[in-house]
Amino acid sequence: MTHTVKISALALILSAGLATPAMADVQVVGTVDVNKDIVIDVNTLKDKNVNVDVTFDAELDGSAQSDAVVNATIDNVEIGPIEEDVTDEDIDKQALTNDSVNENTGIVQFNQDAGQTTNQGNVVSAAVVFSGEEDSQVVMSEAYADQRISDSSATHQEGFDNLEGLVDEQGNVTLDGDFDFDLTARIANSYNGNTGIVQGNQNVGNANNQHNILSVAVGDNALVALSDAGLGQENSGNTLLDVNTLKTSIVANSMNGNTGVTNVNQASGAFNNQATVISVAALSSAVGLGQ
């Protein structure tokens, strides 16, 4: 039998102590075709309706209401060189806050602007009511901000020399070299160690809205506390042309160790709506438990 012969021959070679190297050349040629069709359909429909009805019937001995409202609009503004065909404006603007707005107590508001056509504001509204243990009060706080930028244009063009040290000869970004930024917004070692309310804005760009809004209503032994905050922002119909421009916004070692409320906005671009809106309604009530 062939099978038996092969086994015997192999045993004969091994018993003779013969060993020969084994060599093999393997060449594999293959063609693999894979066709895959994946179709994913996701349909999401979500309806959410919330209705809140509150009925309150009591004799009130006091109330406190605080309202803070901001409306800021930039409309139909054109920012750019007066002369036509200017391709190198050579703009150099800096907004720097260094070692400032530190270790204050109370209310601190700070605005800094090196740009154009910018709305900046800080708003604080507070209402407080006090009474005895038997009195009842209602406190209400509302804070709203509406910011709109529409139908405006901004142009900023620099020459190719402005990119020296930023790109190599092949046009690849390297960030090597000692180049200067056209627009610099920097907050360093600032807004630290404050107690209370601190609000700040810094801008070096164009056509920006920056606001901080805080509304507080507090009632001692109050029965009801209501708070509401709203923010509406819109950018529409704006045109921005930036050519070979370098901009930077930096916050370094800042806004640390504060107690209370700290709000800071920073911008180096154009057509930005920035806002912080806070509404607080607080009450304290004396509650007695029977023995």
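Quick note: structure is the one above.
Residues numbered from 1 in each chain as written. Predicted model: local features only at pLDDT ≥ 70, side-chain atom pairs only at ≥ 80, totals over all residues. Heavy atoms only, no water.

Enquirer: Quick question: what am I supposed to make of the overall build of the protein chain here?
Expert: For the protein chain, the count of helices and strands is one helix and 15 strands. Looking at the protein chain as a whole, 32% of its 291 residues are labelled buried. A total accessible area of about 19100 Å² is found for the protein chain, and carbon and sulfur atoms account for 48% of it. (Helix = DSSP H or I, 4+ residues; strand = E, 2+ residues; numbered from the N terminus. Buried < 20%, exposed > 50% of the residue type's maximum accessible area, 1.4 Å probe, protein only. Areas by Shrake-Rupley, 256 points an atom, 1.4 Å probe, with all protein chains shown as cover.)

Enquirer: It is not clear to me how the sheet that holds strand β11 (residues 224–236) should be interpreted in this structure. Could you clarify?
Expert: Within a sheet, neighbouring strands are paired by backbone hydrogen bonds and run either parallel or antiparallel to one another. Strand order across the open sheet formed by three strands is β1-β6-β11, with parallel pairing between neighbours. Edge positions in the sheet fall to β1 (62–75) and β11, since each of these pairs with one other strand and no more. The average undirected angle you get between the axes of adjacent strands in this sheet is 0°. (Pairing = 2+ DSSP bridges. Axes fitted to C-alpha atoms, helices over the stretch in contact; angles between N-to-C directions.)

Enquirer: Is there a simple way to think about a nonpolar patch on the surface in this case?
Expert: Residues V128, F130 and V218 make up a contiguous nonpolar surface patch of about 290 Å² in total accessible area. By secondary structure assignment, the location of V218 is in strand β10 (residues 209–220). For V218, a relative accessible area of 31% puts it in the partly exposed group. (Patch = residues over 30% accessible without salt bridge, like charges linked within 9 Å, V, L, I, M, F, W, Y side chains within 5 Å. Salt bridge = Lys/Arg side-chain N within 4 Å of Asp/Glu carboxyl O.)

Enquirer: Would you mind showing me how to read the sheet that holds strand β3 (residues 93–98) here?
Expert: Pairing within the open sheet is parallel, and its three strands lie in the order β3-β8-β13. Looking at the sheet topology across the chains shown, the edges are occupied by β3 and β13 (247–252). Put simply, the sheet's adjacent strands are angled 0° from each other on average, direction ignored.

Enquirer: I would appreciate a short explanation of the pairing of strand β9 (residues 195–203) in the present structure.
Expert: For a regular strand, the rule is simple: side chains alternate between the two faces of the sheet. For β9, the tally of buried residues reaches seven of nine residues, placing the bulk of the element in the interior. Of the pairings in the sheet, the one linking strand β4 (residues 105–113) to β9 comprises nine bridges and is parallel in character. Directly across from Q112, in β9, lies its bridge partner Q202. In this sheet, strand β14 (residues 259–267) lies alongside β9 in parallel orientation, the contact comprising nine bridges.

Enquirer: In this structure, what is going on with the side chain of H156? I would like to understand it.
Expert: Residue position: H156 is located in strand β7 (residues 153–157). In this structure the side chain of H156 is engaged in a polar contact, spanning 2.8 Å, whose partner is the side chain of E158. Ignoring anything within four residues of it in the chain, the contact list for H156 reads E89, I91, D182, L183, L241, D242, V243, T245 and K247. (Polar contact = N/O pair within 3.5 Å; in protein donor to acceptor, adjacent residues only side chain to side chain. Contact = heavy atoms within 4.5 Å.)

Enquirer: Can you walk me through the nonpolar core in this structure?
Expert: For soluble globular proteins, the rule of thumb is that nonpolar side chains tend to be buried together. Residues I74, V77, I79, I149, A154, A207, A270 and F271 constitute the largest nonpolar core, which totals eight residues. If we skip the residues at most four places from it in the chain, A207 touches I74, I79, Q116, T117, T118, I149, A270, F271 and N272. (Core = buried A, V, L, I, M, F, W, Y, C linked by side-chain atoms within 4.5 Å.)

Enquirer: Before we go on, may I ask you to explain the pattern of salt bridges in this structure?
Expert: Where charged atoms from two side chains of opposite charge approach closely, those side chains can pair. Inspection of every chain in the model, using the stated rule, returns three salt bridges. Between R148 and E234 there is a salt bridge; the shortest N-O distance is 2.4 Å. Residue R148 is found in strand β6 (residues 137–150), and its partner E234 is found in strand β11; the two are separated by 86 residues along the sequence. A residue is classified by how much of its surface remains accessible, and R148, at 34% relative accessible area, is partly exposed. Judged by its relative accessible area of 34%, E234 falls in the partly exposed class. As a salt-bridge pair, K247 and D242 come within 2.5 Å of each other at their nearest N and O atoms. Taken together, the shared-partner salt bridges in this structure form one network comprising D146, R148 and E234.

Enquirer: Please explain the environment of S236 as it appears in this structure.
Expert: Note that S236 resides in strand β11. With relative accessibility at 27%, the residue S236 sits in the partly exposed group. Put simply, S236 and S152 are 84 residues apart on the chain and 8.6 Å apart in space, counted from C-alpha to C-alpha. Residues within four places of S236 in sequence aside, it is in contact with I149, S150 and D151.

Just distances and angles here, no functional claims.
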